[in-house]
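Each chain, letter by letter, is given below.
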Amino acid sequence: GAVVSQHPSRVICKSGTSVKIECRSLDFQATTMFWYRQFPKQSLMLMATSNEGSKATYEQGVEKDKFLINHASLTLSTLTVTSAHPEDSSFYICSARATGNYGYTFGSGTRLTVV
Amino acid sequence: DAKTTQPPSMDCAEGRAANLPCNHSTISGNEYVYWYRQIHSQGPQYIIHGLKNNETNEMASLIITEDRKSSTLILPHATLRDTAVYYCIVRVASNFGNEKLTFGTGTRLTIIP
């Protein structure tokens, strides 16, 4: 149980375009999901907390207008990287925790390359 | 959240026990110790967690010192597939699922054939 599906796993886009990444909890409901970013050979950095039915909470230094988060249902959160630039190229990972379960489940990640 | 300190890298021979240490000297009474690992280019995987008692599951054992200022993750019979970055995180836990996890730099464990 407690599976988180992330799509796409890999995407290449042109500079200036927008990219949407989906994160789904397949067998549980998640009122809260988390979005992380990981640059090569670095640890995961939390970007924002996605809350179902309300605005996301962004970590300091993360531009909310650039990284749009929508958590419209209890099983789906989306991260849209708007006007992507090469420096946005990174590994994006989402996670969620089923109620009553102490371990967080992570998606398999999305490798974004902006050319 | 209490900060953790882990060695940046370790090697372990295949088939031997891998013992990964973690210091968390500022841990508070309601904080759990979590261990996750990340295999290259994948999302982190939950391994185990504990509060003050030693814990064991099908993946690993977690030994927490009596003063809770440090812990050790034990992989009893390491295989090549255990090569990964291992993260020790301390965090309060509730039933709500809205507590964020903060990752440190972790330990890069390499299993040697």
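Each remark here, short or long, concerns the structure printed above.
Residues numbered from 1 in each chain as written. Chains lettered and ligands numbered in written order. Predicted model: local features only at pLDDT ≥ 70, side-chain atom pairs only at ≥ 80, totals over all residues. Heavy atoms only, no water.

Topic: the interface of chain B and chain A
Move 1: Counting residues at the interface gives 23 residues for chain B, matched by 22 residues for chain A.
Move 2: Both faces combined, the contact of chain B with chain A buries some 1,800 Å², and carbon together with sulfur accounts for 51% of it.
Move 3: Counting across the interface, chain B meets chain A through zero salt bridges.
Move 4: Taken together, the links from chain B to chain A amount to five residue pairs in polar contact (both at pLDDT 80 or more).
Move 5: Per-element accounting of the side of chain B that touches chain A gives the leading share, four residues, to strand 3 (residues 31–38) of chain B.
Move 6: Here the side of chain B that touches chain A is built from residues that sort into ten nonpolar, eleven polar and two charged. (Contact = heavy atoms within 4.5 Å. Buried area = accessible area lost by both parts, 1.4 Å probe. Salt bridge = Lys/Arg side-chain N within 4 Å of Asp/Glu carboxyl O. Polar contact = N/O pair within 3.5 Å; in protein donor to acceptor, adjacent residues only side chain to side chain. Helix = DSSP H or I, 4+ residues; strand = E, 2+ residues; numbered from the N terminus. Nonpolar A, V, L, I, M, F, W, Y, C, P; charged D, E, K, R; others polar.)

Here we look at the side chain of T82 of chain A
All names here are of chain A.
Move 1: Relative to the elements of secondary structure, T82 occurs in the loop between strand 8 (76–81) and strand 9 (90–96).
Move 2: Polar contacts involving the side chain of T82 include one to the main-chain carbonyl oxygen of D65, which spans 3.3 Å.
Move 3: If sequence neighbours within four positions are ignored, T82 has contacts with T17, S18, D65, K66 and L68.

Quick notes on the environment of L62 of chain B
Residues and elements named next belong to chain B.
Move 1: Relative to the helices and strands, L62 is located in strand 6 (residues 61–64).
Move 2: With 14 residues separating them along the chain, L62 and I48 place their C-alpha atoms 7.2 Å apart.
Move 3: Other than its neighbours up to four places away in sequence, L62 contacts V33, W35, I48, H49, G50, N54, E55, S71 and T72.

Some thoughts on the sheet that holds strand 5 (residues 55–56) of chain B
All names here are of chain B.
Move 1: Overall, antiparallel pairing links the four strands, which are arranged 2-7-6-5 in an open sheet. A single partner strand is all that each edge strand has here, and the edge strands are strand 2 (18–23) and strand 5.
Move 2: As paired strands, strand 5 and strand 6 are joined by two bridges and run antiparallel to one another. Bridge pairing in strand 6 links T56 to S61. (Pairing = 2+ DSSP bridges.)

Remarks on the pattern of salt bridges
Residues and elements named next belong to chain A.
Move 1: Throughout the structure, instances matching the rule amount to three salt bridges over all chains.
Move 2: Ionic pairing is found between E22 and R24, a salt bridge with its closest N-O pair at 3.5 Å.
Move 3: When its relative accessible area of 24% is taken as the criterion, E22 is described as partly exposed.
Move 4: Taking the relative accessible area as the measure of exposure, R24 reaches 35% and is therefore partly exposed.
Move 5: Between K66 and D88 there is a salt bridge; the shortest N-O distance is 2.8 Å. You can see K66 sitting in the loop between strand 6 (57–58) and strand 7 (67–73) and its partner D88 sitting in the loop between strand 8 and strand 9, a full 22 residues away along the chain. (Buried < 20%, exposed > 50% of the residue type's maximum accessible area, 1.4 Å probe, protein only.)

Side note on the nonpolar core
Move 1: In terms of nonpolar packing, the biggest core is built from 26 residues, with F28, W35, F67, L79, Y92 and L112 of chain A touching the most fellow members.
Move 2: Taken together, the elements giving at least two residues each to this core come down to strand 2 (10–13), strand 3 (19–25), strand 4 (32–38), strand 5 (45–51), strand 7, strand 8, strand 9 and strand 11 (110–114) of chain A.
Move 3: With sequence-adjacent residues up to four places away left out, L112 of chain A is seen in contact with V11, C13, V19, V81, D88, S89, S90 and Y92 of chain A.
Move 4: Core analysis: the next-biggest nonpolar cluster, separate from the first, contains 21 residues, A18, I48, I64 and V90 of chain B among them. (Core = buried A, V, L, I, M, F, W, Y, C linked by side-chain atoms within 4.5 Å.)

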